[in-house]
Amino acid sequence: RELAILSSSAILITYLAVIMSAIKMRIDQKTLSNNGFKIPGGYFVHFVAMSTIIWFLTHLTSGELTAIVLALVAFSLIYMVGRLVGAKVAVKNEF
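Values in this document were obtained by computation on a predicted structure and should not be read as measured data. (Residues numbered from 1 in each chain as written. Predicted model: local features only at pLDDT ≥ 70, side-chain atom pairs only at ≥ 80, totals over all residues. Heavy atoms only, no water.)

Let's talk about the overall build of the chain
Next up, step 1: The number of helices and strands found in the chain is three helices and zero strands.
Next up, step 2: Counting every position in the chain, which comprises 95 residues, the buried fraction comes to 18%.
Next up, step 3: Within the chain, residue pairs in contact and separated by at least 24 positions form 59% of the contacts whose partners lie at least 6 positions apart. (Helix = DSSP H or I, 4+ residues; strand = E, 2+ residues; numbered from the N terminus. Buried < 20%, exposed > 50% of the residue type's maximum accessible area, 1.4 Å probe, protein only. Contact = heavy atoms within 4.5 Å.)

Description of the pattern of salt bridges
Next up, step 1: Taken as a whole and assessed by the stated rule, the structure comprises one salt bridge.
Next up, step 2: The salt bridge partner of Arg1 is Glu64, with a shortest N-O separation of 3.8 Å. Linking Arg1 in the segment before helix H1 (2-28) with Glu64 in helix H3 (residues 62-94), this pair joins segments that are 63 residues apart in sequence.
Next up, step 3: For Glu64, a relative accessible area of 18% puts it in the buried group. (Salt bridge = Lys/Arg side-chain N within 4 Å of Asp/Glu carboxyl O.)

Digging into the nonpolar core
When a protein is soluble and globular, its nonpolar side chains tend to lie buried together.
Next up, step 1: By size, the foremost hydrophobic cluster in this structure holds nine residues: Ile5, Leu12, Leu16, Ile19, Ile23, Ile53, Leu57, Leu60 and Ile68.
Next up, step 2: Contributions of two or more residues to this core are made by H1 and helix H2 (43-57).
Next up, step 3: Examining the composition of this core, we find that five residues originate from one element, H1, more than from any other.
Next up, step 4: Ignoring any residue separated from it by four or fewer positions in sequence, one finds Ile68 in contact with Leu6, Ser9, Ile13 and Leu60. (Core = buried A, V, L, I, M, F, W, Y, C linked by side-chain atoms within 4.5 Å.)

Some details on the packing of aromatic side chains
Two descriptors summarise a pair of aromatic rings, namely the distance from one centre to the other and the angle between the planes of the rings.
Next up, step 1: Considering all chains together, one arrives at one aromatic pair under this definition.
Next up, step 2: Here the aromatic rings of Trp55 and Phe56 are separated by 5.2 Å at their centres, their planes lie at 50°, and the arrangement is tilted.
Next up, step 3: A relative accessible area of 43% means that Phe56 is categorised as partly exposed.
Next up, step 4: In this structure, Arg26 is placed above the aromatic ring of Tyr43, and the distance from its NZ or CZ to the ring centre is 4.5 Å. (Phe/Tyr/Trp six-rings, centres within 6.5 Å; stacked < 30°, edge-to-face > 60°. Lys NZ or Arg CZ within 6 Å of the ring centre and 35° of its normal.)

Thoughts on the side chain of Glu64
Next up, step 1: Within polar-contact distance, the side chain of Glu64 engages the backbone nitrogen of Thr61 at 2.9 Å.
Next up, step 2: Discounting residues that sit within four places of it in the chain, Glu64 has contacts with Arg1 and Ile5. (Polar contact = N/O pair within 3.5 Å; in protein donor to acceptor, adjacent residues only side chain to side chain.)

Some details on the confidence of the model for the chain
Do not read the predicted coordinates in detail wherever pLDDT is low.
Next up, step 1: Per-residue pLDDT for the chain averages 83, and the proportion of residues at 70 or more is 82%.
Next up, step 2: Mean pLDDT per element in the chain: H3 is the minimum at 82, and H2 is the maximum at 93. (pLDDT = per-residue confidence, 0-100.)

Notes on the packing of H1 against H2
Next up, step 1: At their nearest, the axes of H1 and H2 sit 10 Å apart, and the two run at 155° to each other. In terms of their interaxial angle, H1 and H2 are classed as roughly antiparallel. For the element pair H1 and H2, the recorded crossing hand is left-handed. Where H1 approaches H2, its residues Ser9, Leu12, Ile13, Tyr15, Leu16, Ile19, Met20, Ala22, Ile23, Arg26 and Ile27 are matched on the opposing element by Tyr43, His46, Ala49, Met50, Ile53, Ile54, Phe56 and Leu57.
Next up, step 2: Considered class by class, the residues forming the contact of H1 with H2 number 16 nonpolar, two polar and one charged. (Axes fitted to C-alpha atoms, helices over the stretch in contact; angles between N-to-C directions. Parallel < 35°, antiparallel > 145°, perpendicular 65-115°, else oblique. Left-handed = near helix turned anticlockwise from the far one by under 90°. Nonpolar A, V, L, I, M, F, W, Y, C, P; charged D, E, K, R; others polar.)

Here is the structure:
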């Protein structure tokens, strides 16, 4: 049960990041000649999707929220260490 909750919450957080990226892409691309990224409904669709995801995430217990934050921190550290090691290996291979 706990793993399913952690997995579902991680997917919701990913969707939230995608929605925020779509909003940023719409704003950044308005200066282009094609008038930017468009979907029917405009920002209303983004607002409804973000509101729904946040509503789902607010129903997590404090223990579940703590587990998600710890998992995000742990995976972020693993990612950063991997990037550092990969960068050092790349520099070493150049010589």
